[in-house]
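# A closer look at the structure
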Amino acid sequence: MGITKETKQDKIEVVGDFKHIQVRTATIIKEDGIEISRSYHRHVVAPDSDSSTESDNVKEMVKLFHTDEVKKAYADHLAKAGA
Amino acid sequence: MALTKVTGSGANGLTLSSTDVTVASGDLLFGTSGKGINLGVTSNTDANTLDDYEQGTFTPVFASEGSNAISVGYAGTPGSQYTVGSYTKVGNTVHFQIIIDVDSISGGSSDSLNIGGLPFSSFSYITGGNGGGIVIYGQNHNTNPETGIVLGSQTNIRLYRGGGAEYPSQTQDLTATSYLQITGSYKTDS
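A short tour of the structure in this document, coming up. The structure presented is a predicted model; accordingly, all values stated were derived computationally and were not measured.

## Observations regarding the layout of surface pockets
Counted as a void, the largest pocket has a volume near 900 Å³. Every residue lining the largest pocket is counted, 25 residues in all, and those nearest its centre are Phe30, Lys35, Asp51, Asp52 and Tyr53 of chain B. Secondary-structure elements contributing two or more residues to the lining of the largest pocket are strand S1 (3–15) and strand S3 (34–45) of chain A together with strand S6 (53–58) of chain B. Of the residues assigned to the lining of the largest pocket, the class counts are eight nonpolar, six polar and 11 charged. A domain-level breakdown of the lining of the largest pocket finds at least three residues from each of domain 1 (4–50) and domain 2 (53–187) of chain B. Counted as a void, the second largest pocket has a volume near 790 Å³. Along the wall of the second largest pocket there are 28 residues; nearest its centre are Ser49 of chain A together with Val61, Gly116, Gly117 and Asn156 of chain B. Those elements that place two or more of their residues in the lining of the second largest pocket are S3 and helix H2 (68–81) of chain A together with strand S7 (61–64) and strand S11 (113–116) of chain B. Residue contributions to the lining of the second largest pocket peak at five residues, all from S3 of chain A. For the lining of the second largest pocket, a count of residues per class yields nine nonpolar, 14 polar and five charged.

Rules behind the numbers
Residues numbered from 1 in each chain as written. Chains lettered and ligands numbered in written order. Predicted model: local features only at pLDDT ≥ 70, side-chain atom pairs only at ≥ 80, totals over all residues. Heavy atoms only, no water. 1 Å grid on protein atoms, 1.4 Å probe; cavity = no way out; pocket = protein on both sides within 12 Å on 5 of 7 lines; lining within 4 Å. Points joined across faces, edges and corners; volume = space filled by probe spheres on them. Helix = DSSP H or I, 4+ residues; strand = E, 2+ residues; numbered from the N terminus. Nonpolar A, V, L, I, M, F, W, Y, C, P; charged D, E, K, R; others polar. Domains from an automatic or database assignment.

Have a look at this one:
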């Protein structure tokens, strides 16, 4: 089998008052089917983020959690932060 | 001293004495996620439990905090060798290091200059205050940033020219060859 490389979103979590969606992408290296390395890359989808390039799973969570109410609350929060 | 050895596959993997536990080689794993080690106490208290540790990377980007967007190109794809963020999360605190190497910029204005893309959403101001960072090295900005604060309940750092909160960096401070290294820490909800 040799060396293989696999990438997958192994953790998607919703946190905080504004339902930030935290996505962890794992890159897994295997040798003959045995994992020999795993590294993580993270990004966060905020209520005002462009989610058009996200995975289907993340898009579903955006649809579920980033409601108009949450988006407005986050926009209000950002406006205050800029003051 | 009496020792108890836990043996598997013909090798001693774990040794217990009256005072110590020794793992012969390899790591200590918990069968359930979210569990940790209680340090400095003899009872299980959340505030003394080390229950999360993670290392990884993220993709930092310059962004405008105002309505005038900027378009920034990076030397190396963001997330690669020249523009990269790395983090170590211990408990609810995230330690980060960021390198951003710009190779093109358009749309600069007097809007505040942010770095976006932090790997975890920060605490709100009320529950955790602001984390922040110090610019370790910066070059080729019209005005170099010196510090940054992590904005509450966001994944953004607002950069400052120094001299206090009345001097935020502006997107027009960036040039097509700006280079920045910043390191810092903040608390997170997760």
